[in-house]
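Fold and contact review
What follows is each chain in one-letter form.
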Amino acid sequence: MNFGRGPSVVLNVGGTRYSFSREVLKDFPLRRVSRLHGCLSEQDVLEVCDDYDRERNEYFFDRHSEAFGFIMLYVRHGHLRFVPHMCELSFYNEMIYWGLEGSHLDYCCQRRLDDRMSETCTYYSAEEPPGEPPGEGKKRRSAGAEGGKWLERMRRTFEEPTSSVAAQVLATVSILFVIVSMVVLCASTLPEWRAPENRSVEEQSRYTAESVREPSGIIEAICIGWFTAECIVRFIVSKNKCEFVRRPLNIIDLLAITPYYISVLMTVFTGENSQLQRAGVTLRVLRMMRIFWVIKLARHFIGLQTLGLTLKRCYREMVMLLVFICVAMAIFSALSQLLENGLDLGTKNKDYASIPAACWWVIISMTTVGYGDMCPITVPGRILGGICVVSGIVLLALPITFIYHSFVQCYHELKFRSARYSRSLSAEFLN
């Protein structure tokens, strides 16, 4: 060390002192501590630590003392684990401060950190980026220009329905448009809807000049115009345009809006008497894709947000569940086909003529649906059916516990986030 006196130095981290020799600091595993060895002046030292006592050669760090104690265990023994009863993200911030990375954690703690980071992704998107010190985002926003503040306010108005009065009004209007569009879509499939003009479903799927002038066409055009304007404004005020396009809800918005314009363009360029228009299949599929508008309600209801977030976090459990079902399906379908049709026992069940046909029986039996459209008739087949049903109950119940706990956790987190915005909304009313 080129600064300070004495054969040893003292690190004071949150009130806990650690004494080291100068030579140890040179190759210390923590980058921030090893930087002290190359400091030439007191100003260089204060760039590394928070304060310095020249008389006692003591360096002060205003950090979490218990977290640093666990980090010192890693320095001594090579194993880094989370502090009990401490937030994983807080401990991760301490690791970054001292110069460690997530790869230094033990494998079990790495998974905990990855899960925690994925859980808080939605939460941080509305407040502060992950890993940023508390309040740093607010300071950065307050230091920005007035135009940046306006964009941030607009973004929260469109992204967070409970962030302000304007956001609640906008969310209510958007919900009304979704409900109206769904009612019109459902009513358009009724026979009475097209009976006065004796039009078929194929004719209903065409966007002609006459259909646009009808009340249903006018309502549909207004709804599409609202959704398009909302999507464009949200894209303009978004911080990261690429991230905006990759979000699942935004992809659903595009899937719900673009079919209308595609259908109109196809009608304009192909004409009403073309082969494509006479087929009508493509247009009916595109028109029915408006059902995706229902998923737009996930922006305004915690229940749908909880479902989506739970599926995102529990993808490992969902994959495990699908693997269980596929393995059981392969085994039971092959055995059922053999017992019901493959062996010459005097009776052959034509419903089990092939293994793919038997897979349908296996899936409805394992899920305890049991339509009754096909069932085993031999004694060995019925015994196998009982085993299949019991195995399905057990295999489906194994991952459910993990999914349930994740669902409850997601619900409480989203509810807490909504409550924070509600408090800010109450403050807006008071002001």
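Residues numbered from 1 in each chain as written. Predicted model: local features only at pLDDT ≥ 70, side-chain atom pairs only at ≥ 80, totals over all residues. Heavy atoms only, no water.

**Concerning the overall build of the chain**
When helices and strands are tallied, the chain shows 23 helices and four strands. Buried residues in the chain amount to 38% of all 431 residues. Sequence-distant contacts in the chain: of pairs separated by 6 or more residues, those separated by 24 or more amount to 62%. Of the accessible surface of the chain, which amounts to about 24400 Å², a share of 64% is contributed by carbon and sulfur atoms. (Helix = DSSP H or I, 4+ residues; strand = E, 2+ residues; numbered from the N terminus. Buried < 20%, exposed > 50% of the residue type's maximum accessible area, 1.4 Å probe, protein only. Contact = heavy atoms within 4.5 Å. Areas by Shrake-Rupley, 256 points an atom, 1.4 Å probe, with all protein chains shown as cover.)

**Overview of the UniProt feature "transmembrane region" (unreviewed entry) in the chain**
When the UniProt feature table is mapped onto this chain, "transmembrane region" (unreviewed entry) is found at residues 165-190, 217-237, 249-271, 291-311, 318-339, 351-371 and 383-407. Spanning residues 291-311, this segment combines 48% helix with 0% strand, and its end C-alpha atoms are found 21 Å apart. Annotated as 92% helix and 0% strand, the span residues 383-407 places its first and last C-alpha atoms 36 Å apart. (UniProt positions renumbered as here; feature names shortened; annotations may be inferred.)

**Let's talk about helix H14 (residues 215-237)**
Since there are 3.6 residues in each turn of an α-helix, residues three or four apart along the chain are aligned in direction. For H14, spanning 23 residues, the distance from its first C-alpha to its last is 33 Å, which sits close to the expected 33 Å at 1.5 Å a residue. Among all positions in H14, only Ser216, Gly217, Glu220, Cys223, Ile224, Phe227, Thr228, Glu230, Cys231, Arg234 and Val237 are buried. (Expected span 1.5 Å × (residues − 1).)

**Details of the side chain of threonine 306**
For threonine 306, the location among the structural elements is in helix H19 (residues 302-313). Taking relative accessible area as the criterion, threonine 306 reaches 0% and is therefore assigned buried. In contact with threonine 306, other than residues within four places in its own chain, are Phe407, Cys410, Tyr411 and Leu414.

**Let's talk about the packing of aromatic side chains**
The tally for this structure, following the rule as stated, stands at 12 aromatic pairs. Taken together, a centroid distance of 5.5 Å and an interplanar angle of 80 degrees make the contact between phenylalanine 82 and phenylalanine 91 edge-to-face. Among the residues examined, phenylalanine 82 registers a relative accessible area of 6% and is labelled buried. The buried category is assigned to phenylalanine 91, whose relative accessible area is 0%. A centroid spacing of 6.5 Å and a plane angle of 70 degrees characterise the contact between phenylalanine 177 and phenylalanine 227, whose relative ring orientation is edge-to-face. Here phenylalanine 227 lies in helix H14 and phenylalanine 177 lies in helix H10 (residues 165-187), a separation of 50 residues in the sequence. Judged by relative accessible area, phenylalanine 227 falls into the buried class, the value being 1%. (Phe/Tyr/Trp six-rings, centres within 6.5 Å; stacked < 30°, edge-to-face > 60°.)

**Some thoughts on the pairing of strand E4 (residues 58-61)**
In this sheet, E4 lies alongside strand E1 (residues 8-13) in parallel orientation, the contact comprising four bridges. Across the sheet, residue valine 10 finds its bridge partner in E4, namely glutamate 58. Hairpin connection of strand E3 (residues 51-53) to E4: four residues between the antiparallel strands, including asparagine 57 at a positive phi of 50 degrees. (Pairing = 2+ DSSP bridges.)

**With respect to the packing of H10 against H14**
At a minimum axis separation of 10 Å, H10 and H14 run at an interaxial angle of 145 degrees. Of the two possible hands of crossing, H10 and H14 adopt the one that is left-handed. Where H10 approaches H14, its residues Leu170, Val173, Ser174, Phe177, Val178, Val180, Ser181 and Val184 are matched on the opposing element by Ser216, Ile219, Ile222, Cys223, Trp226, Phe227 and Glu230. Split into classes, the residues belonging to the contact of H10 with H14 amount to 11 nonpolar, three polar and one charged. (Axes fitted to C-alpha atoms, helices over the stretch in contact; angles between N-to-C directions. Left-handed = near helix turned anticlockwise from the far one by under 90°. Nonpolar A, V, L, I, M, F, W, Y, C, P; charged D, E, K, R; others polar.)

**A short note on the pattern of salt bridges**
Scanning all chains against the criterion turns up eight salt bridges. Here glutamate 94 makes a salt bridge to arginine 63, at a shortest N to O gap of 3.2 Å. Here arginine 63 lies in the loop between E4 and helix H4 (65-77) and glutamate 94 lies in helix H5 (residues 88-98), a separation of 31 residues in the sequence. Judged by its relative accessible area of 8%, glutamate 94 falls in the buried class. Exposure remark for arginine 63: the relative accessible area of 25% places this residue in the partly exposed category. Across the pair arginine 81 and aspartate 106 runs a salt bridge whose closest N-O atoms are separated by 2.8 Å. With a gap of 25 residues between them, arginine 81 in the loop between H4 and H5 and aspartate 106 in the loop between H5 and helix H6 (107-119) connect regions that are remote in the sequence. (Salt bridge = Lys/Arg side-chain N within 4 Å of Asp/Glu carboxyl O.)

**Quick notes on the sheet that holds strand E2 (residues 16-21)**
In spatial order, the strands read E2-E1-E4-E3; together these four strands make up an open sheet with mixed pairing. Two strands close off the open sheet at either side, each with one partner strand: E2 and E3. Strand after strand, the sheet turns through a mean of 20 degrees between neighbouring axes, direction not considered. Relative to E2, E1 is paired through six bridges, and the arrangement is antiparallel. Within the sheet, the bridge partner assigned to valine 9 lies in E2 and is phenylalanine 20. Taken strand by strand, H4 contacts E1 and E2, and its axis lies near 30 degrees from that of E2.

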